[in-house]
Amino acid sequence: MFRLRYGFGVFLMGIAVACCAAPQSPFYVQQGTGGGTRGAAEQLLALANQARAEHGAPPLQWDGNLAAAARQHCLRMAAEGPISHRYPGEADLSERAGQAGAHFSLIEENVAVGPSAAEVHDEWMHSPGHRSNLLNPEVNRVGIAVVAARGTLYAVADYDRSVASMDRAQVEARVAELLQPSGVAIVRNNSAAREACRMDSGLPSSDAAGTPHFIMRWQDSDLSRLPQALRQKLATGRYRRAEIGSCPAQGIQGDFTAYRVAVLLF
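Fair warning: this is a prediction, and the values are worked out from it, not measured in the lab.

## Describing the overall build of the protein chain
A tally of helices and strands in the protein chain yields eight helices and ten strands. For the protein chain, the accessible area works out to roughly 12400 Å², and carbon and sulfur atoms hold 51% of it.

This is the structure in structure tokens:
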């Protein structure tokens, strides 16, 4: 469900581009000891979306949090010289993006050094790993950073499949919306459902609404629809009330975003 992927293939060094946003601009280009084109990041984004359109993938939308993460790594890359996805003492990609405020279920990164944005993009499209990241229809947002140093351009592109940021009450309200077409009444006191959410199995200790006839627990980053097993139960018409509880996700490695939910049916 949750994936982190870097832009290199077997025997390939990373050659790709990234984006990073400065406080006043959606594109970040820092001038170093060498030259550099201030529109390089913008050009990379435009070339990426052109290539995605040609291959039937939806356009990438700008994400300022991803841009901040890309900028942090791009500056480190330019300072180090040799490009890498991670340097000693540096957090990995998912941690960097999460610390910058991004919420995602899938994240990828391409890194590069090259003389121009056009040449970097061309190399990217001819490298299987980088091409796959750039054209991946599952990602929908990007942040790009370009730093000019040593007479060349250093670039980082961080892509992700974004996840809406919701607190516990918002998650429960969202699930209530999904339950509404079934006609069940939502139980207002949801302490038992929240307790059940924290459990792997079994019944909560007590419930003012009575003993539930069915409990559905699940964890996902996508709350656009209910799990199939729950939809099937609701379709029987046997249930009149539902209690919804959310709790922290379990077993997630890195800074991926997921929501854990329990629904009790009566």
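## Considering the sheet that holds strand β9 (residues 241-247)
Judged by pairing direction, the sheet is mixed, and its four strands sit side by side in the order β7-β9-β10-β8 without closing on themselves. For this open sheet the edge positions go to β7 (185-186) and β8 (214-220), each flanked by a neighbour on one side alone. Summarising the sheet, β9 and strand β10 (residues 259-265) pair through six bridges and their orientation is antiparallel. Across the sheet, residue Ser246 finds its bridge partner in β10, namely Val261. Packing against the sheet, helix α7 (residues 191-198) makes contact with β8, β9 and β10, and its axis sits at approximately 50° to β9. Its contacts with the sheet put helix α8 (residues 228-235) on β8 and β10, and the angle it makes with β8 is roughly 150°.

## So, α7
All of the buried residues along α7 are Ala192, Ala193, Ala196 and Cys197. The arc enclosing the buried residues of α7, seen along the axis, measures out at 145°, which places them on a common side.

## Quick notes on unusual backbone geometry
Here Arg150, not a glycine, exhibits a phi torsion of approximately 60°, which is positive. Mapped onto the elements, Arg150 comes out in the loop between β5 (141-149) and β6 (152-162). With a relative accessible area of 47%, Arg150 lands in the partly exposed category.

## Some words on the pairing of β9
Among the seven residues that make up β9, six are buried, leaving the element largely enclosed by the rest of the structure. With two bridges joining them, β7 and β9 adopt parallel strand pairing. From the neighbouring strand, Ile186 faces β9, where its bridge partner is Ala242.

## Describing the state of the cysteines
Overall, the coordinates contain one disulfide when judged by the stated rule. Two residues share a disulfide in this structure: Cys197 and Cys247, whose sulfurs sit 2.2 Å from each other. The sign of the -75° torsion about the S-S bond sets the Cys197-Cys247 disulfide as left-handed. Of this pair, Cys197 sits in helix α7 while Cys247 sits in strand β9, and the two are 50 residues apart along the sequence. Across the pair, exposure class does not vary: Cys197 and Cys247 are buried alike.

## Re the pairing of β6
In regular strands, side chains alternate between the two faces of the sheet. Most of β6 sits inside the fold, with nine of its eleven residues counted as buried. Bridge count between strand β4 (residues 104-114) and β6: ten bridges; the pairing is antiparallel. For Val111, the partnering residue across the bridge sits in β6 and is Val156. Between β5 and β6, which pair antiparallel in sequence order, lie two residues; one of them, Arg150, sits at a positive phi of approximately 60°.

## A short note on helix α6 (residues 168-179)
A rise of 1.5 Å per residue sets the reference length of α6, with its twelve residues, at 16 Å; its end C-alpha atoms lie 17 Å apart and thus fit the reference within 8%. Of the positions making up α6, those classed as buried are Val171, Glu172, Val175, Ala176, Leu178 and Leu179. Across the axial projection of α6, the buried residues extend over an arc of 160°, all falling on one side. Tucked inside the fold, the buried residues of α6 contact β7, α7, β8, α8, β9 and β10.

About the thresholds
Residues numbered from 1 in each chain as written. Predicted model: local features only at pLDDT ≥ 70, side-chain atom pairs only at ≥ 80, totals over all residues. Heavy atoms only, no water. Helix = DSSP H or I, 4+ residues; strand = E, 2+ residues; numbered from the N terminus. Areas by Shrake-Rupley, 256 points an atom, 1.4 Å probe, with all protein chains shown as cover. Pairing = 2+ DSSP bridges. Contact = heavy atoms within 4.5 Å. Axes fitted to C-alpha atoms, helices over the stretch in contact; angles between N-to-C directions. Buried < 20%, exposed > 50% of the residue type's maximum accessible area, 1.4 Å probe, protein only. Arc of directions from axis to C-beta. Disulfide = S-S within 2.5 Å. Expected span 1.5 Å × (residues − 1).

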